[in-house]
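Geometric and topological summary
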Amino acid sequence: MSRVGRMPIDIPAGVNVTLNGQVITVKGPKGELTRTLHADMKVTVADNVITVERPTDEKGHRALHGLTRALIANMVTGVTTGFKKELEIVGVGYRAQMKGKKLALTLGFSHPLELDAPAGITIECPSATSIIISGANKEHVGEFAAKVRKYRLPEPYKGKGIRYVGEHVRRKAGKAGTKK
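What counts, and at which threshold
Residues numbered from 1 in each chain as written. Predicted model: local features only at pLDDT ≥ 70, side-chain atom pairs only at ≥ 80, totals over all residues. Heavy atoms only, no water. Domains from an automatic or database assignment. Contact = heavy atoms within 4.5 Å. Buried area = accessible area lost by both parts, 1.4 Å probe. Salt bridge = Lys/Arg side-chain N within 4 Å of Asp/Glu carboxyl O. Polar contact = N/O pair within 3.5 Å; in protein donor to acceptor, adjacent residues only side chain to side chain. Helix = DSSP H or I, 4+ residues; strand = E, 2+ residues; numbered from the N terminus.

Okay, the domain arrangement of the protein next. The domains assigned to the protein are domain 1 (4-81) and domain 2 (83-164). Look at where the C-alpha atoms of domain 1 and domain 2 centre, and you get two points 31 Å apart. Between domain 1 and domain 2, the contact holds eight residues from the first and five residues from the second. When domain 1 packs against domain 2, the two sides together hide about 480 Å² of surface, and 56% of this comes from carbon and sulfur. Of all residues in domain 1, Leu33, Asn74 and Gly78 bury the most surface against domain 2, accounting for 62% of the area lost on that side. Here domain 1 and domain 2 share one salt bridge between them. A salt bridge links Glu139 to Arg35; the shortest N-O distance between them is 2.2 Å. Our count for the contact surface shared by domain 1 and domain 2 stands at one residue pair in polar contact (both at pLDDT 80 or more). Contributing elements (two or more residues each) for the side of domain 1 that touches domain 2: strand 4 (31-36) and helix 1 (59-80). With four residues, helix 1 is the largest single contributor of residues to the side of domain 1 that touches domain 2.

Following this line, the structure appears as structure tokens:
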């Protein structure tokens, strides 16, 4: 049996979980998340615990079992503590700043990039070289962080670009001098 799928999900105080058929809604202090679950998975909410069960031992059901449990657990975590991705900018002249609700990035292009924050996502720039993206939905936070990072991926020679905090960038040696 799936080790992830069979673990129960505890519902913390202040979180309200509503199950309407295959649509689950989780409300908490950080917001409200709704998701439609796969029709084969059986989800039950009782005594402040959510459990996920699968109908058979087929490979597809085994995969959905752990996935469904992880998605629901991420929803509960998101509305209680939220998720956060931190990015750092490395490079001379590269910087980020907030212009109202927009993130303005100067990354060596002919013009600064201005990105709107999607609904439910908050962006902070504590310094010119760091960006903090946070929100209740783990998928949206990760997707927006990946979108920002994609504008200037870290390059292997000087390490310039946008990277996650703590990300290791493999460096390459530059041109070797030739002997005559």
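Once the structure has been displayed, the description carries forward.
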